[in-house]
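Spelled out from the first residue to the last, the chains are:
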Amino acid sequence: MTDVFEAIKERRSRRRFTGKTVSYDQLKVIADAGLRAPTINDLRDLYFVIVNDGRKIKTVSDNANGQTWIRNAGGMIGVVADEARLNSYHGENTKQYTHEHVGAAMQNMLLATHALNLGGRWVADSTTGP
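Thoughts on the nonpolar core
Stage number 1. Counting 14 residues, the largest nonpolar core has I30, L46, F48, I77, A105 and M109 as its most contacted members.
Stage number 2. Mapped by element, the contributors of at least two residues to this core are α2 (24-35), β1 (46-51) and α5 (95-115).
Stage number 3. Among all residues touching M109, those that are not within four sequence positions of it are I30, A31, A33, G34, F48, I77 and V79.
Stage number 4. The next biggest cluster of nonpolar side chains, apart from the first, holds 7 residues, and it includes A64, I70, A73 and M76.

Side note on the pattern of salt bridges
Stage number 1. Applying the stated rule across the entire model yields 5 salt bridges.
Stage number 2. The shortest N-O distance in the salt bridge between D32 and R36 comes to 2.7 Å.
Stage number 3. Salt-bridge contacts for D62 lead to R71; the nearest nitrogen and oxygen are separated by 2.8 Å.
Stage number 4. With relative accessibility at 42%, the residue D62 sits in the partly exposed group.
Stage number 5. For R71, a relative accessible area of 33% corresponds to the partly exposed category.

Rules used in this analysis
Residues numbered from 1 in each chain as written. Predicted model: local features only at pLDDT ≥ 70, side-chain atom pairs only at ≥ 80, totals over all residues. Heavy atoms only, no water. Core = buried A, V, L, I, M, F, W, Y, C linked by side-chain atoms within 4.5 Å. Buried < 20%, exposed > 50% of the residue type's maximum accessible area, 1.4 Å probe, protein only. Helix = DSSP H or I, 4+ residues; strand = E, 2+ residues; numbered from the N terminus. Contact = heavy atoms within 4.5 Å. Salt bridge = Lys/Arg side-chain N within 4 Å of Asp/Glu carboxyl O.

Rendered as C-alpha cells:
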C-alpha cells in the first residue's frame, strides 16, 4: 500500500487507459473510499454507480461532449448527489455543500485508485452545469 503523502505527490490524472477491465471488487474498494469522505453533519448525500461493462462505458463516452478517451477506461464510478436530501436537512441554497462533498469523495477515490496502481481521472458532466 502506498503511503498517503507519497500518493498525494505521485498521483496524476490519466487520459490513456489500456482498455483492460477493472474488477468489480477493485471498483468497490475505490467507491468505498469515496463513501468515507467527510460530509457536513455526516449527511451522506452521495450515491455511487459502478460500471465495468465496456459497452456501457462506450455509451458514456459517446455522450460525454467529445471526451472520447473515456471509451478506453476499464471501469468508472459515477457520483450522484441527492440535493433534495441535502436541502431537506439544511434548507435552500446548499448546492455549495454538494460540490464540497463531491470534491472530497473524488479526491479519496483518486488516491485509492493510485494506491491500487490504477490510472484515473475526474470527469465532470458539463451538460448539467452548476
